[in-house]
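The chain contents come next:
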Amino acid sequence: MEVSTFLVFITWLVSIQQCLTINLNALSYLGERYRTNLIQLREDPLFGNKPILDEYDFIVVGAGASGATVARRLAEVPEWKILLLEAGKQESLATSVPAIAHYFQFTDYNWAFKTEEEPNACLGVVNKKCLWPQGKGLGGSTLINNNIYTRGNVRDFDRWAEAGNPGWSYKDVLPYFLKNEDVTIPELKRSPYHGIGGPMPISYSPFKSRLVDAFLESAPQVGLNVVDYNDPNSHVGFSRIQGTINYGRRVTSAKAYLRTNLTNLHIVEGAFVTKILIDPNTKVTLGVEFEKENRRRRTLARKEVILSAGAFNTPKLLMLSGIGPKEHLEPLGIKTISDLRVGDNLQEHPSYANLAFTVNQTVGLIPERIYKQSIREFFNFLDGNGWLTTMGCEGLGYVKTKYNKDPGDVPDIEYIFIPMSLAGEEGLGNSLLRRSMGIPDSVHYDLHKGLFNKDGWSIWTMLMYPESRGQVRLRNANPNSKPLIRANFFDNPIDVLRIVEGIKMVIELNKTPAFQKLGSTLSMRTMPGCRHISYGTDKYWECCVKRITMQMHHQSGTAKMGPSSDRNAVVNPQLMVYGVSKLRVIDCSIMPTITGAHTVAPAYMIGEKGADLVKSTWLRPKQF
């Protein structure tokens, strides 16, 4: 089955939305229940055609998790006028389907960044450059991610505070996590560590495979518990995934925060910001310059400009505007306004995804099966259940390796449980998931020969606290050029050693009774490029990890938050950029160290807290 076959399925979903837009009455033959559900799925425009003003109180750049949150919260102050600029477009009906999230990495919802060639990673991928997706559109990376909602460890935030960032300890940020959430999982509703009534629904996927049951059953067999990983008292153990879905439908930051009746919030799509306007003499931020419909425009901010463009585009914009390392900017002809270490401190969660286990029962997630039943599954989806509501990944496990020196409940490896292997999707879309990782055909067909479309499972082994640091720089002074990204994965050898230890622990997990009763077997086909090393040794797995390296879309840290005494800090604990006024960064760029979590939940928290920091500057305490 070719890519075009899968595109037919996606096009079919999109065509339904078009029908909805044209004439909902024409769908009456579906029955009132399905017709009502289709109406609820329709994506109404988030904006009208009102003219862009010359001046607003606040300009927010980027409509991802943090940016949408900030824009919405600031617009709740009725006397303020807010402009939200987003380079991408709105979501569609198809982006509501959890099971096909990774497809959108092949569309213009993705900035489609790549690293430079890495000396220690991605050695076996196409062109030896790690693919690094980032969402582009109203919703940002919540348009293309897998909806996984994890906050991170208590110690993550306490370490931020201990590093000179008062107000960012766990007890300080917990209220903002709670403010974001509307947990619908019955057993968690009474927990003091979960929120009810916030904009973002948190639930389990309605679909659950028998394989994830085996995963959870295996936990006590290896001495671990089934836990709520977002409870600060249970960070180590296995769990079903808590996700940003509602009745089986993906919920993006745009759905959760931007579908409001706030008339003082002006949302503009297709607006590509090229520069922050800063007076070079007073160093006061004036506004932004952007392109829309091939026209260059300028809009001013009376109070502040807020950058929420993500850990690649935020440093890019800062540097294009004269905020960054002087030794980098001046050779490009950019006058330095504030000499800061913008673009340093890049962090990510490198991972390995190529373990493949087969089972002897029909219990896995095989996309080709979904396609063959696509009509029935679509109507199941309208009812909020069925295969299309799966997030693809179903369980998470948090474990400690022998290298972990942290006392107590601080894991260093995350397991991401997938009820299929990379070979399981072969045929449908010509393996879009492995293509999103840059795995070439030659490697894929060699490594997974004999496994295609067979029931099985995999665990992606994710390093939670990398020691290595990367860097983002400008390629040139042209705003249309993509940034130059050096990930420096495994620059510190301990990072790959931890992942190797995690892989070995997964292989042991397969030997538990929970998996063996399904006839689970590890595929022992060897990795091309590593066959000179004895299979199963630490050196062999190290070779595999370095050849096929996966990142998790968790880029962060490139506009580091820190006290003025920190020479590498870009923003202060109030998220104001050092050396200029009326400019803040509010997104995952500000993380001093990456959280032990998928970063969307922290991004919402940063947006919620950042909005209150802005309000504390411009309003009296009782006004917010």
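For the structure itself, look to the data block above.
First, a word on scope: everything that follows refers to the structure included in this document. (Residues numbered from 1 in each chain as written. Predicted model: local features only at pLDDT ≥ 70, side-chain atom pairs only at ≥ 80, totals over all residues. Heavy atoms only, no water.)

1. Some thoughts on the pattern of salt bridges
Threshold: Throughout this description, the term salt bridge denotes a Lys or Arg side-chain nitrogen within 4 Å of a carboxyl oxygen of Asp or Glu. Working definition: helices are DSSP H or I runs of at least four residues, strands are E runs of at least two. Numbering for both runs from the N terminus. For every residue, the accessible area (1.4 Å probe, protein chains only) is compared with the maximum for its type, and the residue is labelled buried under 20%, exposed over 50%, or partly exposed between those bounds.
Inspection of every chain in the model, using the stated rule, returns 35 salt bridges. As a salt-bridge pair, Glu327 and Arg341 come within 2.9 Å of each other at their nearest N and O atoms. With Glu327 in helix 9 (residues 326-329) and Arg341 in the loop between strand 15 (338-339) and strand 16 (351-352), this pair connects stretches of sequence that are 14 residues apart. Between Asp446 and Arg531 there is a salt bridge, and its shortest N-O distance comes to 2.5 Å. In this pair, Asp446 is assigned in helix 13 (residues 441-447) and Arg531 in the loop between strand 23 (521-522) and helix 16 (538-547), connecting sequence segments 85 residues apart. By relative accessible area, which is 45% here, Arg531 ends up partly exposed. Bridged by salt links that share partners, the residues Arg72, Arg73, Glu76, Lys179 and Glu608 form one connected network.

2. Considering the packing of aromatic side chains
Going by this rule: We call Phe, Tyr and Trp rings a pair once their centres come within 6.5 Å, taking the six-membered ring for Trp, and we label the pair stacked below 30 degrees between planes, edge-to-face above 60, and tilted otherwise. Should the NZ of a Lys or the CZ of an Arg lie within 6 Å of a ring centre and within 35 degrees of the ring normal, that charge is described as sitting over the ring.
Considering all chains together, one arrives at 29 aromatic pairs under this definition. Residues Tyr103 and Phe104 carry aromatic rings whose centres are separated by 5.1 Å and whose planes lie at 75° to one another, so their mutual orientation is edge-to-face. We classify Phe104 as buried; its relative accessible area is 3%. Ring geometry for Trp111 versus Phe272: centroids 6.3 Å apart, planes at 40°, classification tilted. In this pair, Trp111 sits in the loop between strand 2 (82-85) and strand 3 (113-114) while Phe272 sits in strand 11 (residues 272-278), placing the two residues 161 residues apart along the sequence. In this structure Phe272 comes out as buried when scored by relative accessible area, which is 16%. Three or more aromatic residues joined by ring pairs make a cluster, and in this case those are Trp111, Phe113, Trp132, Phe272, Phe312, Phe489 and Phe490. A cation over an aromatic ring shows up here: Arg434 above the ring of Tyr445, its NZ or CZ 5.7 Å from the ring centre. Over the aromatic face of Trp168 sits the side chain of Lys609, whose NZ or CZ is 5.1 Å from the ring centroid.

3. Details of the nonpolar core
For clarity, the threshold we go by: For this analysis, a nonpolar core means a set of buried residues of the types Ala, Val, Leu, Ile, Met, Phe, Trp, Tyr and Cys, connected via side-chain atoms within 4.5 Å. Contact between two residues is taken to exist if any of their heavy atoms lie within 4.5 Å; hydrogens are not considered.
Counting 169 residues, the largest nonpolar core has Trp168, Phe215 and Leu318 as its most contacted members. Here this core takes nine residues from helix 17 (residues 600-618), the largest share from any one element. Among residues more than four places away in sequence, those in contact with Phe215 are Phe238, Ser239, Gly395, Leu396, Gly397, Tyr415, Phe417, Ile459, Leu509 and Phe515. Ile100, Phe207, Phe381 and Leu388 belong to the second-largest nonpolar core, a separate cluster that totals 18 residues.

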